[in-house]
Amino acid sequence: MKNFVQRGETITVPAPVDAKSGDVLVIGELHGVVAGDAATGEPLDLATVGVFTLPKVGADSFAIGDKVYFATASKLATSVATGNTRIGTAIEAAAASTATVVVKLI
């Protein structure tokens, strides 16, 4: 196909903010996990598919299959939809007593 650009599992965009490897980054309707450190304006590799262990809001719990959102203010995965961006689905249960949740990005 002469109009094919890339597979899209990892894309490169200018970093809108300083970002560290493993951070979740939301840029409008685009979201993913940062693949390497980048300062604002530098090229940033963003993994847009895959399964990642992400830090979560301590009080939240997840069952397998629950929707996972990202709270930009706290930079944590959350079960709260209001004002947050849906980033994926929990693929493992995560109790409120745990610090992370395993998420398949959407």
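This text goes with the structure placed above it.
Residues numbered from 1 in each chain as written. Predicted model: local features only at pLDDT ≥ 70, side-chain atom pairs only at ≥ 80, totals over all residues. Heavy atoms only, no water.

The next thing to look at is the pairing of strand E1 (residues 10-14). On E1, burial follows the alternation: Ile-11 and Val-13 on one face are buried, whereas Thr-10, Thr-12 and Pro-14 on the facing-out side are not. Pairing of E1 with strand E4 (residues 43-47), which is carried by five bridges, proceeds in the antiparallel orientation. Paired with Thr-12 across the two strands is Asp-45, which belongs to E4. (Buried < 20%, exposed > 50% of the residue type's maximum accessible area, 1.4 Å probe, protein only. Helix = DSSP H or I, 4+ residues; strand = E, 2+ residues; numbered from the N terminus. Pairing = 2+ DSSP bridges.)

The strand order E1-E4-E3-E2 describes an open sheet built from four strands, whose pairing is antiparallel. The open sheet has two edge strands with one neighbour each: E1 and strand E2 (24-27). If you compare each strand with its neighbour and ignore which way they point, the axes differ by 45° on average. (Axes fitted to C-alpha atoms, helices over the stretch in contact; angles between N-to-C directions.)

In spatial order, the strands read E5-E9-E8-E6-E7; together these five strands make up an open sheet with antiparallel pairing. The strands lining the two open edges of the sheet, one partner per strand, are strand E5 (51-55) and strand E7 (76-78). If you compare each strand with its neighbour and ignore which way they point, the axes differ by 50° on average. Taken together, the four bridges between strand E6 (residues 67-71) and strand E8 (residues 85-90) define a ladder with antiparallel strand orientation. In the sheet register, Phe-70 faces E8, and the bridge partner there is Thr-85.

All right, on to the nonpolar core then. One finds Val-24, Leu-54, Phe-62, Val-68, Ile-87 and Val-101 to be the most contacted residues of the largest nonpolar core, which totals 13 residues. Those elements that place two or more of their residues in this core are E6, E8 and strand E9 (100-105). Broken down by element, this core gets its largest block of residues, three residues, from E9. The residues touching Leu-54, leaving out its near neighbours within four places in the chain, are Val-24, Val-33, Ile-87, Ala-99, Thr-100, Val-101 and Val-103. In terms of nonpolar packing, the next biggest core, distinct from the first, is built from nine residues, Val-13, Ala-15, Leu-25 and Leu-46 among them. (Core = buried A, V, L, I, M, F, W, Y, C linked by side-chain atoms within 4.5 Å. Contact = heavy atoms within 4.5 Å.)

Spatial relationships are all this shows, so hold off on functional conclusions.
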